[in-house]
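Summary of structural features
As a plain string of letters, each chain reads:
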Amino acid sequence: MSIKALVINCTLNKSNQTSNTRALIDESVKIFDEKEIETDFVTLADYNIEYGVTGDAISDNDEWPIIFEKVKEADILIIGSPIWLGQQSSLTTVLIERLYGASSQTNDKGQYLFYNKVGGVVVTGNEDGAKHVSRSVLYALSHIGFTVPPNVDTYWVGEAGPGPSYIESKGYENEFTMQHSKIMAHNLIHFAKLLKEHPIPAEGNVIEQTN
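Residues numbered from 1 in each chain as written. Predicted model: local features only at pLDDT ≥ 70, side-chain atom pairs only at ≥ 80, totals over all residues. Heavy atoms only, no water.

Concerning the overall build of the chain
Check the secondary structure of the chain and you find five helices and six strands. In the chain, the succession of α and β elements from N to C terminus is β-α-β-α-β-β-α-β-α-β-α. Taken against the 2.2 N^0.38 rule, which gives 17 Å for 211 residues, the C-alpha radius of gyration of the chain at 17 Å falls within 12% of a compact globule. With respect to the principal axes defined by its C-alpha atoms, the chain has extents near 55 × 40 × 25 Å. Counting across all 211 residues of the chain, residues that qualify as buried make up 47%. Within the chain, counting contacts between residues at least 6 apart in sequence, those at least 24 apart form 77% of the total. Split by element, the accessible area of the chain, about 10900 Å² in all, is 47% carbon and sulfur. In the chain, which carries 16 positive and 28 negative side-chain charges, the distance between the mean positions of the two groups comes to 4 Å. (Helix = DSSP H or I, 4+ residues; strand = E, 2+ residues; numbered from the N terminus. Rg over C-alpha atoms; globule rule 2.2 N^0.38 Å. Buried < 20%, exposed > 50% of the residue type's maximum accessible area, 1.4 Å probe, protein only. Contact = heavy atoms within 4.5 Å. Areas by Shrake-Rupley, 256 points an atom, 1.4 Å probe, with all protein chains shown as cover. Lys, Arg positive; Asp, Glu negative; His and termini not counted. Charge placed at Lys NZ, Arg CZ, Asp CG, Glu CD.)

Some thoughts on helix α2 (residues 64-73)
Buried within α2 are the following residues: Trp64, Ile67, Phe68 and Val71. In a view along the axis of α2, the buried residues occupy a sector of 100 degrees, so they form one face of it. In this structure, the buried side of α2 is in contact with β1 (4-9), β2 (38-43) and α3 (90-101). (Arc of directions from axis to C-beta.)

A closer look at the pattern of salt bridges
In this structure the tally under the stated criterion is six salt bridges. Here lysine 70 and aspartate 40 are joined by a salt bridge, their closest N and O atoms 2.9 Å apart. In this pair, lysine 70 sits in helix α2 while aspartate 40 sits in strand β2, placing the two residues 30 residues apart along the sequence. Between aspartate 75 and lysine 196 there is a salt bridge whose closest N-O contact spans 3.1 Å. Of this pair, aspartate 75 sits in the loop between α2 and β3 (76-84) while lysine 196 is found in helix α5 (residues 175-197), placing the two residues 121 residues apart along the sequence. (Salt bridge = Lys/Arg side-chain N within 4 Å of Asp/Glu carboxyl O.)

So, the packing of helix α1 (residues 20-34) against α5
The axes of two packed helices give the description: the angle between them and the distance between them. Where α1 contacts α5, the two axes come as close as 9 Å, and the packing angle between them is 45 degrees. Our classification of the angle between α1 and α5 gives oblique. Where α1 crosses over α5, the handedness of that crossing is right-handed. Counting all contacts with α1, which are made through Leu24, Glu27, Ser28, Ile31 and Phe32, the residues of α5 involved are Thr177, Met178, Ser181, Lys182, Met184, Ala185, His186, Leu188 and Ile189. For the contact of α1 with α5, the per-class residue count stands at eight nonpolar, four polar and two charged. (Axes fitted to C-alpha atoms, helices over the stretch in contact; angles between N-to-C directions. Parallel < 35°, antiparallel > 145°, perpendicular 65-115°, else oblique. Left-handed = near helix turned anticlockwise from the far one by under 90°. Nonpolar A, V, L, I, M, F, W, Y, C, P; charged D, E, K, R; others polar.)

Examining the environment of glycine 110
Considering the arrangement of structural elements, one finds glycine 110 in the loop between α3 and β5 (118-125). On the accessibility criterion, glycine 110 (15% relative accessible area) is buried. The sequence separation of glycine 110 and alanine 160 amounts to 50 residues, and the corresponding C-alpha distance is 48 Å. Ignoring sequence-local partners within four residues, the contact set of glycine 110 consists of Asn205, Val206 and Ile207.

These figures capture arrangement, not role.
Take a look at the structure:
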């Protein structure tokens, strides 16, 4: 059974720069690799994504449709976000808004487009805010039609105040963070396979389109 995963890293850094969020994401992707899950990576800062709540291109320079096609092809979506002032990154918000703009679209059964896809979140930061960001992202995914399995958030935060981030602090030695990276990866795979074999029935959840 072929399962495709898409990782969207909403760090404010480009892909050629160091990303603590990507470093933690890679812990779960190691398990995807072991389970032969095909994984595609997107660093949102590499793209020109216009502001708006729509799944369509907003301008000729808007590269959102490139990302959107990858989302539509994926069975698993992981959103990675750093924490700034206790909140998700601005790019995470842009991503959620653009996904929300496409949430009224439907699949071939008439259900919302993101049905039978599963989602998870990875969060890194220097201080508090990991659970707040995770709650915000996971609620958004659930609201637009993604299935959110149990324990599909993993995070690492440093001590209060300025200080070293995940890589410099050797966050990969944190037993709790590593355990939840493993749990998240396995649960996302389990539920993706489950929904692939047994999609959500088109009963009571078919959207009536109006002209």
